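Observations on the model geometry
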Amino acid sequence: MKFMSLSAGVRNALLAALLFGASAPAVKIFLRSLSPLEAAGALYLGSGLGLAIWRSGRRFRRDIVKRGPAIGRAELGWLSGAIVSGGVVAPVLLMIGLATTPASSASLLLNLEGVLAALLAWFVFHENFDRRILLGMIAIVAGGVLLSCNPGGSVGLSWGALAIVGACFCWAVDNNLTRKVSAADPVQIAMLKGLSAGTVNFLLSMVISGKVAPVASLAGVGIVGFMSYGVSLTCFVLALRDLGTARTSAYFSTAPFIGVLLSLLLLHEVPPLLFWPALLLMIFGVWLHLTEHHEHDHFHEGLEHEHLHRHDEHHSHDHLPTDPPGEPHSHRHRHQPMMHRHVHVPDIHHRHGH
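Everything numeric here is computed off the predicted structure, so don't read it as measured data.

Rules and cut-offs
Residues numbered from 1 in each chain as written. Predicted model: local features only at pLDDT ≥ 70, side-chain atom pairs only at ≥ 80, totals over all residues. Heavy atoms only, no water. Helix = DSSP H or I, 4+ residues; strand = E, 2+ residues; numbered from the N terminus. Patch = residues over 30% accessible without salt bridge, like charges linked within 9 Å, V, L, I, M, F, W, Y side chains within 5 Å. Areas by Shrake-Rupley, 256 points an atom, 1.4 Å probe, with all protein chains shown as cover. Salt bridge = Lys/Arg side-chain N within 4 Å of Asp/Glu carboxyl O. Phe/Tyr/Trp six-rings, centres within 6.5 Å; stacked < 30°, edge-to-face > 60°. Buried < 20%, exposed > 50% of the residue type's maximum accessible area, 1.4 Å probe, protein only. Core = buried A, V, L, I, M, F, W, Y, C linked by side-chain atoms within 4.5 Å. Contact = heavy atoms within 4.5 Å. Axes fitted to C-alpha atoms, helices over the stretch in contact; angles between N-to-C directions. Parallel < 35°, antiparallel > 145°, perpendicular 65-115°, else oblique. Left-handed = near helix turned anticlockwise from the far one by under 90°. Nonpolar A, V, L, I, M, F, W, Y, C, P; charged D, E, K, R; others polar. 1 Å grid on protein atoms, 1.4 Å probe; cavity = no way out; pocket = protein on both sides within 12 Å on 5 of 7 lines; lining within 4 Å. Points joined across faces, edges and corners; volume = space filled by probe spheres on them. Expected span 1.5 Å × (residues − 1).

Re the environment of L280
Here L280 shows up in helix α13 (residues 275–290). Separated by 137 residues in the primary sequence, L280 and G143 have C-alpha atoms spaced 7.8 Å apart.

As structure tokens, then:
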């Protein structure tokens, strides 16, 4: 069996999964004193403010030339759609679901985000997939269905589980829209999403409740948001650039397993009986994705764009005197048409047809 090497894209996706996976059990603790809207606002405001402080400090360091290009006007529409879907609607649905769903089950239900993101990437945005990837997604969906079942109730699905599924769909839309701007500075993308979504959710919570939530709880959720949403989203955008939406979402599907472990250790939750077969199905599905191998002859059309890059077989262009020195660096450059064969994924240079 051939395994994809742990490239920078894979490492970024797994780090994003690790940080995000810790958020569900951590936030559930604060939901005892915060409403879902207050928690969602604090998560994203903590994310946006933390990244804004870090980005401002970065200006005084020598690595300023390693920053990706700023978001252009043509990309603002994609980013706005991503903010509304994934930054405003999704976190509210997630907080509603967490309020009535055990964190262990909620963590595994978040695997559906990867499935829905991949389906949108394949059938709406026409990203490549094969039978192995499809089988992995089917296994993850089956695990999510098991976790959504509520045999003891009159209806087979709980409202909390359905709210989490809705959040996953909104994040799936967000992921595909964010891929459109993934060549830009990932810190700026994550910062703008955090500040915009956090402000909207926080103001809505104040209008509805008519009061400000406990400062200590807001600060605690904000710290969680900076790491589990801000830093995680920055890594996720970098992975989108290198792996494409479906593959990044597959690696990101490991996040709920981290949440499950923390839920069992910190909250002492007893998982339902269907938790274990669902866990096995999801592990099998993620394994199929992690062991994918994609190689064939492919043609690169001429392309001109700007992003952070190093000189390799895809970047053999000449430099102008005004281009920044050192690597990695960012400047506008042109790719000449070429045909070759190597192992690859749908990154920003391999979005060809099959």
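There is more to say after this.
Thoughts on a nonpolar patch on the surface
Together, L134, L135, I138, F284 and W287 line one region of the surface with nonpolar side chains, adding up to about 450 Å² of accessible area. The set of elements that each furnish at least two residues to the nonpolar patch consists of α7 (131–148) and α13. Looking at which element gives the most residues to the nonpolar patch, the answer is α7, with three residues. Here I138 shows up in helix α7.

So, the packing of aromatic side chains
Counting across every chain of the model gives seven aromatic pairs. Here W122 and F123 contribute two aromatic rings whose centre-to-centre distance is 6.4 Å and whose plane-to-plane angle is 85°, an arrangement assigned as edge-to-face. Taking relative accessible area as the criterion, W122 reaches 4% and is therefore assigned buried. Measuring from ring centre to ring centre gives 5.1 Å for F236 and F252, while their planes differ by 75°; the resulting arrangement is edge-to-face. With F236 in helix α10 (residues 215–243) and F252 in helix α11 (residues 245–252), this pair connects stretches of sequence that are 16 residues apart. Accessibility classification places F236 together with F252 in one group, the buried group.

Details of unusual backbone geometry
Phi at H126 takes a positive value of approximately 60°, unusual for a residue other than glycine. Structurally, H126 is set in the loop between α6 (112–123) and α7. Residue classification places H126 among the exposed positions, given a relative accessible area of 65%.

Regarding the nonpolar core
With 53 residues, the main nonpolar core has L43, L94, M95, W171 and Y229 as its most contacted residues. Breaking this core down by element, the ones donating at least two residues are α1 (8–21), α2 (23–30), α3 (36–58), α4 (76–100), α5 (103–109), α8 (159–179), α9 (186–209) and α10. When residues in this core are grouped by element, the largest group, nine residues, is from α10. Discounting residues that sit within four places of it in the chain, L43 has contacts with V27, M95, V221, V224, G225, F226 and Y229. By size, the runner-up hydrophobic cluster in this structure holds eight residues, among which are V115, A118, I133 and A246.

Some thoughts on the packing of α6 against α8
Two elements in contact, α6 and α8, have axes separated by 8 Å at closest approach and are oriented at 45°. By the angle class used here, α6 and α8 are oblique. Handedness of the α6/α8 crossing: right-handed. Contacts from L112, E113, L116, A117, L120 and A121 of α6 reach α8 at V165, C168, F169, W171, A172, V173, N175 and N176. Looking at the contact of α6 with α8 residue by residue, the classes come out as 11 nonpolar, two polar and one charged.

Looking at empty space enclosed by the protein
Empty pockets left among the atoms are what a rolling probe the size of a water molecule brings to light. On inspection of all chains with the given rule, the structure shows two cavities of 30 Å³ or more. Forming the walls of the largest cavity are 18 residues, and the residues nearest its centre are F20, Y44, W171, D174 and L233. Counting residues per element, the ones that place at least two in the lining of the largest cavity are α3, α8 and α10. Per-element accounting of the lining of the largest cavity gives the leading share, seven residues, to α10. Residues of the lining of the largest cavity, tallied by class, amount to eight nonpolar, seven polar and three charged. As for the second largest cavity, its lining consists of 11 residues, and the residues nearest its centre are L110, E113, G114, F252 and S253. Those elements that provide at least two residues to the lining of the second largest cavity are α6, α11 and α12 (255–266). Class assignment of the residues belonging to the lining of the second largest cavity gives a composition of six nonpolar, four polar and one charged.

Examining α1
With 14 residues, α1 extends 20 Å between its outermost C-alpha atoms, agreeing within 8% with the 20 Å of an ideal straight helix rising 1.5 Å per residue. Residues of α1 that are buried include every one of G9, V10, N12, A13, A16, A17, L19, F20 and G21, and no others.

Notes on the pattern of salt bridges
Scanning the entire structure with this criterion turns up three salt bridges. For D185, the salt bridge is made with R55, and the minimal N-O distance between the two is 3.3 Å. Highlighted residues: D185 in the loop between α8 and α9 and R55 in helix α3, separated in sequence by 130 residues. One exposure class covers both D185 and R55, and it is buried. Between D174 and K193 there is a salt bridge, with the nearest N and O atoms lying 2.6 Å from each other. Highlighted residues: D174 in helix α8 and K193 in helix α9, separated in sequence by 19 residues.

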